[in-house]
Each structure stands twice: as structure tokens, then as C-alpha cells.
Amino acid sequence: MRGSLHCALRAPVEMTRLWGAPRRASIIIQPMRANLATLVEDFRRHGAETAVVAHRGNRRYATTYGELAALAGRFAAELERRGIGPGDRVVIWGENSAEWIGVFFGCILRAVIAVPLDAAGTADFAARVIRDTGPKLVVGDAGLLAQISGPWSVVSGQREALEIPRLSLSGIEASLPVEALWAPSEAIEPHTPFQIVFTSGTTAEPRGIVHTHRNILVTLRPIEREMQKYLKYERIFHPLRFLHSLPLSHVFGQFMALWIPGLLAAEVHFSEHLEPSRITELIRRERISVLIAVPRVLQLLRVHLLGRFPGLGAEIEGVPGRASNSKDEMRGSLHSGGDAASGRDDASLGSGAVPGREDASLRGGEGERATARARANAGVSPLRAARFGRDDAS
């Protein structure tokens, strides 16, 4: 009680950019949040701060926190219009995007249970999930939704028509009500379920794990509480930028894209491709603070860097006299955006492979297959939660 009251009475922390840049919205130190729907209010307060940056090809698409909050509120209004309410399910099947996040938080506002699916999953897997959860709506990428335009193949080998409304993430704003519905549903309680995360099914029958607000807040609250001690230093580095390579259908991916960034008004960057040269180029160009990836992606990045800077391996291993110039080469390359040793630009390096080296196989389709494998290795929830269909165990 005393700690919460102390937090409530503390003055707002004014966060500013250095070097004369414009001031940013205040980050308010407040009592610990009661549910995840309160994050939408944080989005609204951050306003013009950049929330999501999607990198598609050579284009960059930025979405502010204010726009993200508006999308969540308008999708909540769409759920209300369709008569989809607390306890109903909505499947989200698409690539990481600002629209995906807005739909997800719209579900949270209305106490609707989201069922996120990995975009790399198959239509058969999606069909099994839909059969088990009985959603009132399926939202996703147009290409994925096209796979369910007719009868679906199900586990039993039979085929059945699933007459479930579908809504494409592409251009979704044009189909939503103009007026947003900001007020969270009165049905939201600490033990209210907000999503069902399915295991991959690679080693056993897929299982749906029910997550409640409390499941996430029990981990988020201490992080948020400790984070407030250091907010005064965050202004030196603001905004923090996360390069995110995990699917939003997994818990760690959600923590680093949905729950943590809004506490700091941080930017989340999504990229279509995970080739090592693309990663290093984005880190340099966008001044990325944190790379969020599975070990497989880090291994690909390591191979790329060792091939590009021959002395780096010896320097990492602490072998003297074999890598005197590797630091200078890497520093010069990252600042210039090119290969310091050869004078080539990152874009000309392809996957960053060197002929005859281990990473030569990353060219072409192998890079895409490596991306799919990395997603498959992303893991599932470590949280204590009930099996789908049972009461919350926590």
C-alpha cells in the first residue's frame, strides 16, 4: 500500500532528447497496472512517439503510439458492432505488423480471447486450431486468409466448410468504425483469459495454453517497478529501438513487442527478412539498441561477421597478435555502412557469404528456410497456465 501510494504521488518524469531535439511526451510514474488494457492508455499518452517501424523491401513504414491506440480502439468498436464480446475467440494469423498489434489490443479492451498463430504455420494447423477454439472472427494477412476461402483439410482427413467471417489486416482501417471504443470491458479481472497460445505440435499434439492478465502482470509488474528507478537515464538514449525477429504468437516475442516497449515509448522494428547482411544494415541505419532473436539467427549473424572480419574470431577467443585491425575495420564498416576491407556497400554483399565459407549456403532460398527454422525454435510459454478449456491454474 505504502509503495503504491508513494509511486502515485511522485511527480511525472520529464524525458527529453539531447542536443536540442524536441521534447517527448512525459512518462508518468504511476501505481502498478490492474490489467493489460491499461497499456492502451499509455499508447495514447505517448501520442506522436514512433511505436512500430515496418521494413518492407526498401520502404520504411512508421506508426505512432497514437495511431496504434486509435487502431486498437477502433477494432474494439468493430468487435462491439459484430456482437463479439467477453470470452469469445478471435484468431489472428499474420506477419508481425502494427495492424496485428492494434487488433490484439482491441481484443484485450473488449475481454475477447485472442488466438495468435505463427504466419509460418500451415493451413492445416490453423484449421485444427479453429476447430478447437471456435472463433467468431479470423483476422490475418490476405494471402493466408485466401487459404481458408473454401473447405479446409482437418486432422481426421475429412473436409468441412467453415463459415467464419474473415477480415484482412491489409487496409483494415478502412473497414473499421471511425469512432474508437476506449473503455475497457467491465468483464476484465486479474484472472480473465486474454489469449490462447498454441504449442507448435512438432513433438506432440498441439495444446492451447490459456493466459490470463495475471499470468503476464506477475512478470511485468516487477520489471516495470524496477524500470522506474532508471527512467531519468533513459533520456540519454531515447528512443530505445528494438529490432524484433520473433513471431508475435510466442510469449517472448510478445514481451519484447507488446508489453515492454510501451513502458518506455520505445520503437519496435519489424523486417521481412533475417539475412545477416540485412540485420547489420538495419542496426547501423536505424541505430538499433536491442536485437531480439533466437540462437539460430545469432549463429547466422556470427558466421556472417566472422566471414567479413577474418580477425574477429581470434580476437573473441583472446588470441593476441592475430586481430589487431578487426576492431577498427568493424567500427569503420558500421559507421560507413560498407565493408571497410573491400570498400563494398552492404547491399552488394547479398547474404554476407564468402565463397567457400560456411555461410555460402545462406544465399537464395536457404536464408528464408533458416528464418522459418528460427521461428520454429522460438519456443512457447514458460508461464504457469491452464490447458485450453480448463480454469486458470495460477
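Residues numbered from 1 in each chain as written. Predicted model: local features only at pLDDT ≥ 70, side-chain atom pairs only at ≥ 80, totals over all residues. Heavy atoms only, no water.

Could you give an account of the nonpolar core, naming the residues involved and the relevant values?
Counting 70 residues, the largest nonpolar core has Phe-75, Phe-105 and Trp-259 as the members making the most contacts within it. No other element matches helix 4 (residues 98-109), which puts nine residues into this core. Excluding its chain neighbours within four sequence positions, the residues that come into contact with Phe-105 are Leu-36, Leu-39, Val-40, Phe-43, Ala-72, Leu-258 and Trp-259. Counting residues in hydrophobic clusters, the runner-up holds 18 residues, among them Ala-126, Val-138, Leu-144 and Ile-196. (Core = buried A, V, L, I, M, F, W, Y, C linked by side-chain atoms within 4.5 Å. Buried < 20%, exposed > 50% of the residue type's maximum accessible area, 1.4 Å probe, protein only. Helix = DSSP H or I, 4+ residues; strand = E, 2+ residues; numbered from the N terminus. Contact = heavy atoms within 4.5 Å.)

How would you sum up the packing of aromatic side chains? Please name residues and give values.
Two numbers describe a pair of aromatic rings. These are the distance of the centres and the angle of the planes. Enumeration over the complete set of coordinates arrives at eight aromatic pairs. Ring centres of Phe-104 and Phe-194 lie 6.2 Å apart, and the angle between their planes is 90°; on these two criteria the pair is classed as edge-to-face. With Phe-104 in helix 4 and Phe-194 in strand 9 (residues 193-198), this pair connects stretches of sequence that are 90 residues apart. Exposure class is identical for Phe-104 and Phe-194. Each is buried. Seen in terms of ring centroids, Phe-194 and Trp-259 are 5.9 Å apart; in terms of plane orientation they differ by 85°. Their pairing is edge-to-face. Taken together, the positions of Phe-194 in strand 9 and Trp-259 in helix 9 (residues 251-259) put the pair 65 residues apart, joining distant regions of the chain. Just as Phe-194 is buried, Trp-259 falls in that class too. (Phe/Tyr/Trp six-rings, centres within 6.5 Å; stacked < 30°, edge-to-face > 60°.)

Which residues make up the pairing of strand 4 (residues 113-117), and what values do they have?
The element strand 4 is extensively covered by neighbouring structure, given that five of its five residues are classed as buried. Burial along strand 4 is two-sided: the residues Ile-113, Val-115 and Leu-117 and Ala-114 and Pro-116 are all buried. Bridge count between strand 3 (residues 89-93) and strand 4: five bridges; the pairing is parallel. By the bridge assignment, Val-91 is partnered in strand 4 with Val-115. Each parallel crossover has a hand, and for strand 3 linked through helix 4 to strand 4 it is right-handed. (Pairing = 2+ DSSP bridges. Right-handed = clockwise from strand over helix to strand, strands pointing away.)

For unusual backbone geometry, give the residues involved together with the corresponding values.
Cis geometry is adopted by the peptide bond preceding Pro-239, which originates at His-238 and carries an omega value of -5°. Located in the positive-phi region is Ala-265, a residue other than glycine, with phi close to 55°. Looking at the secondary structure, you find Ala-265 in the loop between helix 10 (261-264) and strand 12 (267-271). Exposure remark for Ala-265: the relative accessible area of 0% places this residue in the buried category.

Could you give an account of the environment of Gly-94, naming the residues involved and the relevant values?
Turning to its location among the elements, Gly-94 is positioned in the loop between strand 3 and helix 4. Linking Gly-94 and Ala-120, residues 26 residues apart in sequence, is a C-alpha distance of 8.6 Å.

Can you explain the sheet that holds strand 11 (residues 241-244)? Please cite residues and give values.
Pairing between sheet strands relies on hydrogen bonds along the backbone, with the strands arranged either parallel or antiparallel. Spatially, 2-1-12-11-13 is the arrangement adopted by the five strands of the open sheet, whose pairing is mixed. The open sheet has two edge strands, strand 2 (59-64) and strand 13 (290-292), and neither has a second partner. Between one strand axis and the next, the sheet turns by 20° as a mean value, whatever way the strands run. In this sheet, strand 12 lies alongside strand 11 in parallel orientation, the contact comprising four bridges. Residue pairing for strand 12: Leu-243 is matched across the bridge by His-269. (Axes fitted to C-alpha atoms, helices over the stretch in contact; angles between N-to-C directions.)

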